[in-house]
Amino acid sequence: MHIDRHTDSHPPVSTIRTARRRPHALAAAGLLAVLLATAGCSSSGGGESLKAASDQGAAASRAEGAGADAGGKRAAGAPSTPKPGSAVAQHVIRTATLSIEVKSVPKAVAAARAVAEGAGGLVAEETTERIDDMYDTSHLVLRVPQDRYDEVLSRLAGSGTLRSRTSNAKDVTGQVVDVDSRIATQRASVARVRDLMDKAEKLTDVVALEGELSGRQADLESLLAQQASLKDRTSLATVTLELDEPYDDATDQEDEDTGFLDALAGGWGAFLTMLRWIAVAIGAAAPFLAAAVVLLVLWRLVRGRLPRRRTTPQEPSTAPQDPSAP
């Protein structure tokens, strides 16, 4: 009897295995029910499919926002807490402005162009003009590699008399890392929407997903433009160069030192100028005077050929005179 009670207190091995398999069976039954429900929803009207697509798009948007926030946090903390064994590249925007007085602006412009191109850079902008037909001035914008920035500044400053120099350096490492992280997140988001479009069967679902894809693609292109701008400004430094020729004060001093001979020369010049104006006036009036003379000669000739009128002498009056008249 003792053996029987001990045997009854332990269930059979098959019972234990059946009990262990019950959770797996329940999970399989639940998964089958979900699949059947999904199949029923897909066979129903287009409104439910559109709602499902919208829910999937909203879920993707939330996932994208969470990924962007996480990427922004990683970008903000990347420079200060790099991973072990990895170094974060530093990104700096450098700009400088130089004002230099040179003896010949054309020669200085050619030399500055040679310096920039020799360093692997380029001349992005050039404006040269001549003032009062006496002095030249030029405005140059040079783009040079960051590793040759100091060398180029030194060579440009030594091309003449340096009047002023300003430089600026801005660290944009955090901004570069943040933009890179956002681009990666946005690309993943675009890929998810495209995957949903490939699986969509309803026209309404395709239209809704196309609108979502267009917006995300526009955001991705904007981030790519920011990335390209940052890469350009951090890879090439900008140097603005102002070149001017020295102003000669000797001409002004000669104008101020006037004497008798200068006054005589000025008076003689004025007299000659007056004679020239008189000659010009006579030349302008000569055709009219010539025409008047010709008309006067013709009038006299015509008048001389006209017959003259004969005047008869007055006969004396035969009337009796009044004796009382005085």
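Residues numbered from 1 in each chain as written. Predicted model: local features only at pLDDT ≥ 70, side-chain atom pairs only at ≥ 80, totals over all residues. Heavy atoms only, no water.

1. Observations concerning the overall build of the protein
Put simply, the rule reads: Helix numbers and strand numbers start at the N terminus; a helix is a DSSP run of H or I with at least 4 residues, a strand a run of E with at least 2. By definition in these notes, contact holds between two residues if any of their heavy atoms fall within 4.5 Å. Here the open area of atoms and residues is found with the Shrake-Rupley method and a 1.4 Å probe, where only the protein chains shown may cover a residue.
Of regular secondary structure, the protein possesses 9 helices and 5 strands. Reading the protein from its N end, one meets helices and strands in the order α-α-α-β-α-β-β-α-β-α-α-β-α-α. Put simply, 80% of the contacts in the protein that link residues at least 6 apart link residues at least 24 apart. Entry remark: accessible area of the protein is about 23,800 Å², with carbon and sulfur atoms responsible for 59%.

2. A few points about the pairing of strand 2 (residues 122-131)
To keep things clear, this is the line we draw: In short, DSSP must find at least two bridges between two strands for them to pair.
Bridging between strand 2 and strand 3 (residues 135-145) involves 9 bridges; their strand directions are antiparallel. Looking at strand 3, one finds that Val123 is bridged to Leu142. Connecting the antiparallel pair strand 2 and strand 3 is a turn made up of 3 residues, with Asp132 showing a positive phi of about 55°.

3. A few points about the packing of aromatic side chains
Formally: Stacked, tilted and edge-to-face are the three classes applied to pairs of Phe, Tyr and Trp rings, where Trp contributes its six-membered ring and a pair requires centres within 6.5 Å; stacked means planes under 30 degrees apart, edge-to-face means over 60, and tilted covers the rest. Only protein chains enter the area calculation, which uses a 1.4 Å probe; residues under 20% of their type maximum are buried, those over 50% are exposed, and those in between are partly exposed.
Inspection of the entire model under this criterion finds 1 aromatic pair. Ring centres of Trp268 and Phe271 lie 5.7 Å apart, and the angle between their planes is 35°; this geometry places the pair in the tilted category. Here Phe271 and Trp268 lie together in helix 9 (residues 260-305), a separation of 3 residues that amounts to about one turn. For Trp268, a relative accessible area of 52% puts it in the exposed group. Classification of Phe271 as partly exposed rests on a relative accessible area of 37%.

4. Remarks on the pairing of strand 5 (residues 236-244)
Here strand 1 (residues 92-101) pairs with strand 5 via 7 bridges, running parallel. Among the inter-strand pairings, Leu98 is bridged to a residue of strand 5, identified as Leu241. Sheet topology places strand 3 next to strand 5; 9 bridges connect them, and they run antiparallel. Bridge pairing links Val141 to Thr240 in strand 5.

5. Considerations on the sheet that holds strand 2
Put simply, the rule reads: The angle between two axes is taken between their N-to-C directions and runs from 0 to 180 degrees, where each axis is a line fitted to C-alpha atoms and a helix contributes only its stretch in contact.
With mixed pairing, the 5 strands of this open sheet are ordered in space as 2-3-5-1-4. With partners counted over all chains shown, the strands left at the sheet margins are strand 2 and strand 4 (161-171), one partner each. Across the sheet, the mean angle from the axis of one strand to that of its neighbour is 10°, orientation sign disregarded. Strand contacts of helix 4 (residues 105-118): strand 2, strand 3 and strand 5, with the helix running at about 5° to strand 3, the strand carrying the most contacts.

6. Observations concerning the nonpolar core
Among soluble globular proteins, nonpolar side chains are generally buried collectively. As a reminder of what qualifies: For the purposes of this section, nonpolar cores are sets of buried Ala, Val, Leu, Ile, Met, Phe, Trp, Tyr and Cys residues that join through side-chain atoms within 4.5 Å.
By size, the foremost hydrophobic cluster in this structure holds 22 residues, and its most contacted members are Leu140, Leu156, Val239, Leu241 and Leu243. Contributions of two or more residues to this core are made by strand 1, helix 4, strand 3, helix 5 (149-157) and strand 5. In terms of residue count, the dominant contributor to this core is helix 4 (6 residues). Contact partners of Leu241, with chain neighbours within four places excluded, come to Leu98, Ile100, Ala112, Ser138, His139, Leu140 and Leu156. Val190, Leu213, Leu220 and Leu230 belong to the second-largest nonpolar core, a separate cluster that totals 11 residues.

7. Observations regarding the side chain of Thr137
Under the convention used in this document: N or O atoms within 3.5 Å of each other form a polar contact, as long as, within protein, one can give a hydrogen and the other can take it, and as long as residues adjacent in sequence are counted only when both atoms are side-chain atoms.
Following the sequence through the fold, Thr137 ends up in strand 3. A distance of 3.2 Å separates a polar side-chain atom of Thr137 from the backbone oxygen of Leu243. Residues within four places of Thr137 in sequence aside, it is in contact with Val105, Thr127, Thr128, Glu129, Ile131, Leu243 and Asp244.

8. Some details on the confidence of the model for the protein
The cut-off we apply is this: What pLDDT reports is the predictor's confidence in each residue, on a scale of 0 through 100.
Here the protein averages 74 in pLDDT, while 63% of its residues score no lower than 70. Here residues 1-54 is modelled with pLDDT under 50, and outside its nearest four sequence neighbours on either side it reaches 11 contacts, counting other chains as well. Scored below 50 in pLDDT, residues 56-82 makes 28 contacts in the model with residues more than four places away or belonging to other chains.

9. A few points about the packing of helix 6 (residues 173-199) against helix 7 (residues 203-235)
If you want to describe how two helices pack, look at the angle between their axes and the distance between the axes. So the rule is basically this: In what follows, roughly perpendicular refers to angles from 65 to 115 degrees, roughly parallel to angles under 35, roughly antiparallel to angles over 145, and oblique to any angle outside these ranges. Helix crossings fall into two classes, left-handed where the near helix is turned counterclockwise from the far one by less than a right angle and right-handed where it is turned clockwise.
Running from N to C, helix 6 and helix 7 cross one another at 155°; their axes reach a closest spacing of 9 Å. Judged on the interaxial angle alone, helix 7 and helix 6 are roughly antiparallel. Helix-helix and strand crossings are classified by hand; for helix 6 and helix 7 the assignment is left-handed.

10. Things to note about the pattern of salt bridges
The condition is simple: Each salt bridge in this description consists of a side-chain nitrogen of Lys or Arg and a carboxyl oxygen of Asp or Glu lying within 4 Å of one another.
Here the structure, examined in full by the defined rule, presents 9 salt bridges. Between Asp195 and Lys199 there is a salt bridge, with its nearest N and O atoms 3.4 Å apart. A residue pair is termed a helical-turn pair when its members lie 3 or 4 positions apart in one helix, as Asp195 and Lys199 do in helix 6 at 4 residues. Relative accessible area serves as the criterion here: at 36%, Asp195 is assigned to the partly exposed category. Take Lys199: its relative accessible area is 59%, and that puts it in the exposed class. Of the charged contacts in the structure, one is a salt bridge between Arg216 and Glu212, with a shortest N-O distance of 2.9 Å. Of this pair, Arg216 and Glu212 are both found in helix 7, 4 residues apart, which corresponds to roughly one turn of the helix. Taking the relative accessible area as the measure of exposure, Arg216 reaches 3% and is therefore buried. Through salt bridges that share partners, Glu101, Arg163 and Asp244 make up one connected network.

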